[in-house]
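# A structural walkthrough
Chain residues, written in single-letter form:
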Amino acid sequence: FKKNLIDFNIKYYSELDSTNRYIKNLDSSENDEGLVIVAEKQLKGRGRNGNDWYSPAGTGLYFSILLEPEISVLDLSKINMIISLALYNVLKNKYPVKMKWPNDIYLADKKIAGILIESNIEAEMVKEVIVGVGCNTNQEVFPDELNKKAGSLLLFSGETVNNKNILTDILIEFDSLYSDFMIDGIDYFGVWKQELGIIGQEIKVKSNSNIIQGEVVDIDRQGNLILEKEGGNRQVISSGEVSVIKG
Ligand code: BTN
């Protein structure tokens, strides 16, 4: 690994309820920075906004990385940007992927990867971050309710993906961006914001049960969308599901 800041310790399981939850439930003697938990199947894979993450055996890549960054809570969003970019950088070498706010990866208008970040904060400092990644590599079919919006690398290209190789590539890229940030203080906010390409778009955001519509006028340093609604009022949006009305 180029800079080798993180000492990765990768553990494979054939079945877990959720790789994020598995790390959360470890006691402190077992959880060191760099622990990577990979499951071939998740019984209760979790997504953002309380969704489930479809995680059948032998198809997708499901893993979580444990970090102990000791950074200010104000910098937590940087971890989100770094893992999104790591995933995006690796996939874009082979596929015409796009990033979608806040941290999804799309391929030909279908979602192929999602990220769930959970953190433990004490006295405004980030003690522990669990970075969970689900990537649809080799799914050939999706359940009806997902069919319209979910895709896989295999369905797109016709080629089976080696999950171990792609995981290694993602970890190497993540380690490199993470050490740029932690050691050299490099800020990937600008790159992340640029790649999202959402500024200027008229969107609808579904957040809890609310639907908010407006034009994205900016993204702040925490990664929140600044939406200008009809009439000119602005609203800060920190989570939700975006659909574009006008590009
Ligand atoms: C999303 O809703 O887009 C986020 C999906 C994150 C899924 C991954 S799979 C591995 C890790 N363990 C979980 O339970 N969820 C994340």
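These numbers come from a predicted model, not from an experiment.

## A short note on the sheet that holds strand β12 (residues 234-237)
Spatial strand order, β12-β11-β10-β9-β13: five strands in an open sheet with antiparallel pairing. Of all strands in the sheet, those bounded by a partner on one side alone are β12 and β13 (241-246). Geometrically, the sheet is characterised by an average inter-axis angle of 45 degrees between neighbouring strands, direction not taken into account. In this sheet, strand β11 (residues 225-228) lies alongside strand β10 (residues 210-219) in antiparallel orientation, the contact comprising four bridges. Residue pairing in the sheet places glutamate 215 in a bridge with glutamate 228 of β11.

## Let's talk about the pairing of β12
As defined by bridge partners, β11 adjoins β12 across four bridges and the pair is classed as antiparallel. Looking at β12, one finds that leucine 225 is bridged to isoleucine 237. In textbook terms, the turn of a hairpin is the stretch between consecutive antiparallel strands, and for β11 and β12 this stretch comprises five residues, one of which, glycine 231, has a positive phi near 95 degrees.

## Regarding the environment of glutamate 128
Relative to the helices and strands, glutamate 128 resides in strand β8 (residues 125-135). Beyond its immediate chain neighbours, meaning those up to four positions away, glutamate 128 contacts Leu66, Glu68, Ser119 and Asn120.

## Digging into the environment of glutamate 140
Inspection of the secondary structure puts glutamate 140 in the loop between β8 and α3 (144-147). Measuring from C-alpha to C-alpha, the distance between glutamate 140 and threonine 59 comes to 8.1 Å, with 81 residues separating the pair along the chain. Apart from the residues within four sequence positions on either side, glutamate 140 is in contact with Leu154 and Leu155.

## Quick look at the domain arrangement of the protein chain
For the protein chain, the assigned domains are domain 1 (9-194) and domain 2 (199-246). Between the C-alpha centres of domain 1 and domain 2 there is a distance of 24 Å. At the junction of the two partners, domain 1 supplies nine residues and domain 2 supplies seven residues. Within the residue set of the side of domain 1 that touches domain 2, elements represented by two or more residues are α2 (76-92) and α6 (189-196). A total of three residues in the side of domain 1 that touches domain 2 trace back to one element, the largest contributor, which is α2. In terms of residue class, the side of domain 1 that touches domain 2 is built from four nonpolar, three polar and two charged.

## A few points about the packing of α2 against α6
To characterise two packed helices, one gives the angle between the axes of the helices and the distance between these axes. Across the interface, α2 lies against α6 with an axial gap of 10 Å and an inter-helix angle of 60 degrees. Relative to α6, α2 is oriented oblique. In the crossing of α2 with α6, the sense of the turn from one axis to the other is left-handed. Every residue of α6 that contacts α2 at Met81, Ser84, Leu85 and Tyr88 is listed here: Phe189, Val191, Trp192 and Glu195.

## Side note on the site of the ligand
Taken together, 20 residues lie near the ligand, and Ser18, Gly47, Gly114, Gly132 and Gly134 sit nearest. Those elements giving two or more residues to the shell around the ligand turn out to be α1 (19-24), β3 (61-67), β7 (110-122) and β8. By residue class, the composition of the shell around the ligand is six nonpolar, 11 polar and three charged.

Conventions and cut-offs
Residues numbered from 1 in each chain as written. Predicted model: local features only at pLDDT ≥ 70, side-chain atom pairs only at ≥ 80, totals over all residues. Pairing = 2+ DSSP bridges. Helix = DSSP H or I, 4+ residues; strand = E, 2+ residues; numbered from the N terminus. Axes fitted to C-alpha atoms, helices over the stretch in contact; angles between N-to-C directions. Contact = placed C-beta atoms within 7 Å. Domains from an automatic or database assignment. Nonpolar A, V, L, I, M, F, W, Y, C, P; charged D, E, K, R; others polar. Parallel < 35°, antiparallel > 145°, perpendicular 65-115°, else oblique. Left-handed = near helix turned anticlockwise from the far one by under 90°. Near = placed C-beta within 6 Å.

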